[in-house]
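Coordinate analysis (summary)
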Amino acid sequence: MAPQLRYVLLSPSPMAQARPHLLRRAVAWPATTCTLPTPKGLHRTINPLRSVACSSDVTNPPRRKGSMADVPKDLMDCITDLEKLFTVDKQRINELCDEFVKEFEKGLTEEGSSIPQLPTWVLGFPNGEEKGTYLALDMGGTNLRVCEITLMGHGKFDILQSKYRMDPSVKTSTAEELFGYIADCLKQFVHDHHEGVVKEELHLGFTFSYPCDQHAIDHGILQRWTKGFDVKGVEGVDVVPLFEAALKEKGVPIKLTALINDTTGALIASNYAHPDTKMGVIFGTGCNAAYMEVAENIPKVAKHNLPPDTPMAINCEWGAAFSDRPDVLPRTKYDVIIDKESPRPGQQAFEKMIAGLYLGEVFRLALLDLHQQGHIFLGQSVAKLQTSYTIDTEILSLIELDPFENLRETIDVLETKLGIQCNEQEAKLVRRLAELIGTRSARLSACGVAAIAKKAGLTKCKVGADGSVFNLYPHFKARGAEALRDIFGDAGDDIDIVHAEDGSGVGAALIAALTLERVKAAGLSRECMLRKGVSHAAVS
Ligand code: GLC
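Now for a description of the structure that goes with this document. (Residues numbered from 1 in each chain as written. Predicted model: local features only at pLDDT ≥ 70, side-chain atom pairs only at ≥ 80, totals over all residues. Heavy atoms only, no water.)

Re the nonpolar core
Quick note on the threshold: Throughout, nonpolar core names a set of buried Ala, Val, Leu, Ile, Met, Phe, Trp, Tyr and Cys residues whose side chains join them through atoms within 4.5 Å. When a residue's accessible area, from a 1.4 Å probe over protein chains only, is under 20% of the maximum for its type it is buried; when over 50% it is exposed; and in between it is partly exposed. Per the convention used, a helix needs a DSSP run of H or I reaching at least four residues, while a strand needs a run of E reaching at least two, with both numbered from the N terminus. The contact criterion used throughout is that any non-hydrogen atoms of two residues lie within 4.5 Å.
Grouped together as the largest cluster of nonpolar side chains are 121 residues, with contacts concentrated most on F100, F283, W318, F363 and F377. Among the elements that make up this core, the one with the highest residue count is helix α12 (residues 424-456) (16 residues). Setting aside anything within four residues of it in sequence, one finds F283 in contact with W318, S445, V449, A465, D466, G467, S468, V469, F470 and F476.

The structure is reproduced here in structure tokens:
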């Protein structure tokens, strides 16, 4: 059955009506973007579309083993070995889930664990009535997005946004170059939408989705880069002064109010629209989750003397899980190579097995290995297969979506994208490998969700999920739902993983709004409240 599409169109605001070239938020499938050259050499991409697909397979993943009768024994043996390597069975997923719960608990103590469990100083859920206009800046892996968000209350909002392409070289540049580029984009946005002038009260939530130690909501010391970033001079440093110095230098009149993670944004934005959302997760280039704790369960914030029932969103940074525990999280030889060759070996073990940045690379390494052992693509040049990161996750998606029994599309994809001629029997191995890698990713991801549910005592809730893997990878949701049932039985269906609201945009705006409300309620000036590290003062 074809996916059912749910269209949600928000009415254009007066500003959009007056300036129809500013496209506003709408929902459709698939998302499309257009890139426009801008006068300053930046590329602005207007992205009016977002996807919410409710596919028919959300509860039961397809079993597509097909007939293997014609597959020769040697290839069948390879398939059996791959199945052993990549399968996370019911027993293992339950054991892993219990280990996760222990690590989550340890991460909240001074002792620490492989899962950082970072307090975010987001001190509660919105009430749905937040209003006002805010800026949000979202530094993703490939794009930079600037949004102006009008919160309209009743869980509704309106977005005006521009996207700017981040050149891959920025990922390995210097702090000055990175923040200079971000400041340029903000300047361009202010120029395009406000004729260069910003009212003083426009506050910014900056979605900076990397692990940061925060002792206040407008601070964040970068622990380490993840997702292949390697910008010099930022690790171990508070990113906010770096950002503000760049704004000052470029003369951009904007103030940062909150520094947030994309998962915290997804949690807060989804809860604003659907109050039964208790977790925010990202399954995209990277993967991670956030949920709400109470202060008395977070021994590492005891020194702040918060009232014990103070809610505090925790950015788990679960991508780092079990980096030092291969006994708990067994890795294949391909996972080990990916780790060794990454800019940060020994870190983000869990993320490197399941996130979009790495799935194609696991696939490439496994195929190359089988070729080098003389099992597949015999006598062919596999030059493309020998180059790291040449296979995008999209290729695995296309292979998994191949509707033909003779795997015609898989054969075509291998030829067009990798220059490899493959026969039908080899294609069966290739398809099975894609299924195994995609299934492992979905099951391990769901295992993290289940562990948070166990830790926080959540038996029935929504989980707001976003990211390219969640939104686009075939059967990801159904495979995750099956894993939840492997852990909780039928009750697994009560943990409902749904498409999140726009966390990095709307979530950032909401968190800025909540922060300013707290400042006002405490009768403190913004500077006194935030900068002196007393962001918790208003809760007592
Ligand atoms: C990486 C980052 C984390 C982020 C996730 C999803 O794991 O460390 O902060 O939330 O990717 O973008």
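Here the narrative resumes.
Re the site of the ligand
Filter applied, for reference: Whether a residue is near a molecule or strand depends on its heavy atoms: it is near if one of them lies within 4 Å of it. In protein, a polar contact means a hydrogen-donor-capable atom and an acceptor-capable atom, both N or O and within 3.5 Å, with residues adjacent in sequence counting only if both atoms are side-chain atoms; elsewhere, any N or O pair within 3.5 Å suffices. In short, Shrake-Rupley with a 1.4 Å probe defines the accessible areas, and a residue's cover is counted only from the protein chains shown. Charged means Asp, Glu, Lys or Arg here, nonpolar means Ala, Val, Leu, Ile, Met, Phe, Trp, Tyr, Cys or Pro, and polar covers whatever is left, Gly included.
Taken together, 15 residues lie near the ligand, and T226, N261, D262, E317 and E351 sit nearest. For the ligand, an oxygen atom lies 2.9 Å from a polar atom in the side chain of T226. At a separation of 2.9 Å, an oxygen atom of the ligand approaches a polar side-chain atom of K227. In isolation the ligand has 310 Å² of accessible area, and contact with the protein removes 98% of it. For the shell around the ligand, the secondary structure elements donating two or more residues are α6 (262-273) and β16 (287-294). A breakdown of the residues in the shell around the ligand according to their chemical character gives four nonpolar, seven polar and four charged.

As for the packing of α12 against helix α14 (residues 476-488)
Note the threshold: Lines fitted to C-alpha atoms define the axes here, with helix axes fitted over just the stretch in contact, and angles between the N-to-C directions of these axes take values from 0 to 180 degrees. What sets the label is the angle itself: under 35 degrees gives roughly parallel, over 145 gives roughly antiparallel, 65 to 115 gives roughly perpendicular, and the rest give oblique. Should the near helix be turned anticlockwise from the far one by less than a right angle, the crossing is left-handed, and should it be turned clockwise, the crossing is right-handed.
Interhelical geometry of α12 versus α14 gives an angle of 50° and a closest axis separation of 8 Å. Considering their axes alone, α12 and α14 lie oblique with respect to each other. Two packed elements cross with a definite hand, and for α12 against α14 that hand is right-handed. In this structure, α12 uses E435, G438, T439, S441, A442, R443, S445, A446, C447, A450, A453 and K454 to contact α14, whose residues at the interface are F476, R479, G480, E482, A483, L484, D486, I487 and F488. Tallied by class, the residues present in the contact of α12 with α14 amount to ten nonpolar, five polar and six charged.

Description of the pattern of salt bridges
Worth spelling out the cut-off: When a carboxyl oxygen of Asp or Glu is within 4 Å of a side-chain nitrogen of Lys or Arg, the pair counts as a salt bridge.
According to the stated counting rule, one finds 28 salt bridges in the structure shown. D502 is paired through a salt bridge with R145; the nearest N and O atoms lie 2.9 Å apart. In this pair, D502 sits in the loop between β19 (495-499) and α15 (503-522) while R145 sits in strand β9 (residues 143-153), placing the two residues 357 residues apart along the sequence. No difference in accessibility class separates D502 from R145, as the two residues are buried. Among the salt bridges present, the one from R479 reaches E400, with a minimum N-O distance of 2.7 Å. Placement of R479 in helix α14 and of E400 in helix α10 (residues 393-401) is noted, with a sequence separation of 79 residues between them. Taking the relative accessible area as the measure of exposure, R479 reaches 5% and is therefore buried. The exposure class assigned to E400 is buried, which follows from its relative accessible area of 4%.

Brief notes about the packing of helix α9 (residues 356-372) against α10
The interhelical angle for the contact between α9 and α10, taken along N-to-C directions, is 70°, at an axis separation of 7 Å. Our classification of the angle between α9 and α10 gives roughly perpendicular. From α9, G356, L359, G360 and F363 reach across to α10, where they touch T393, L396 and I399. Across the contact of α9 with α10, the residue classes break down as four nonpolar, three polar and no charged.

Considerations on helix α5 (residues 239-250)
Convention followed: Any helix carries an expected span of 1.5 Å times its number of residues minus one.
Taking 1.5 Å per residue, twelve residues should reach 16 Å; α5 reaches 17 Å between its end C-alpha atoms and fits that length. Where α5 is buried, its residues meet β8 (131-139), α4 (175-194), β11 (203-208), β13 (221-222) and β14 (255-260). For α5, the side-chain oxygen to backbone nitrogen distance between the N-cap and V240 is 3.0 Å, and the N-cap itself is D238. Positive backbone phi, approximately 70°, marks G251, located one or two places after α5.

Focus on the pairing of β14
Threshold: If DSSP finds at least two bridges between two strands, the strands pair.
In terms of burial, β14 is largely enclosed, as five of its six residues are buried. Pairing of β11 with β14 involves five bridges; the strand directions are parallel. Each bridged residue has a counterpart across the sheet, and for T207 the counterpart in β14 is I260.

Observations concerning the packing of aromatic side chains
Here is the rule: Centre distance within 6.5 Å is the pairing criterion for rings of Phe, Tyr and Trp, where only the six-membered ring of Trp is used; planes under 30 degrees apart are then read as stacked, over 60 as edge-to-face, and the remainder as tilted. Working rule: Lys NZ or Arg CZ, within 6 Å of ring centre, within 35 degrees of ring normal, means a charge sits over the ring.
Counting across every chain of the model gives 17 aromatic pairs. Aromatic side chains F206 and F243 sit 4.8 Å apart centroid to centroid with 40° between the ring planes, which places their arrangement in the tilted category. Of the two residues, F206 is situated in strand β11 and F243 in helix α5; the sequence distance between them amounts to 37 residues. Its relative accessible area of 1% is what places F243 among the buried residues. Joined through ring pairs, the aromatic side chains of F100, F104, F283, W318, F322, F350, F470 and F476 make up one cluster. It is K477 that lies over the ring of F470; its NZ or CZ is 4.9 Å from the centre.

Observations regarding the sheet that holds β16
Spatially, six strands are ordered β7-β17-β16-β15-β18-β19 in an open sheet, and the strand pairing comes out mixed. Every other strand in the sheet has two partners, leaving β7 (118-119) and β19 as the edge strands with one partner each. Both β7 and strand β17 (residues 311-315) contribute to a ladder of two bridges, which runs antiparallel. Bridge pairing in β17 links L118 to N315. Of the strands in this sheet, β15 (277-283), β16, β17 and β18 (461-466) touch α6, which is tilted by about 140° from β15. Against the sheet, α12 touches β15, β16, β18 and β19, its axis set at about 155° to β15.

Side note on unusual backbone geometry
Non-glycine residue Q117 carries a positive phi angle of around 50°. In this fold, Q117 is placed in the loop between α3 (90-107) and β7. Residue Q117 is classed as buried on the basis of its relative accessible area of 0%. The phi torsion at H154 lies on the positive side, around 50°, for a residue other than glycine. Residue position: H154 is located in the loop between β9 and β10 (156-165). A relative accessible area of 62% means that H154 is categorised as exposed.

Focus: the environment of D392
For D392, the position within the fold is in the loop between α9 and α10. Sequence separation of D392 and G356 is 36 residues, and the distance between their C-alpha atoms is 8.2 Å.

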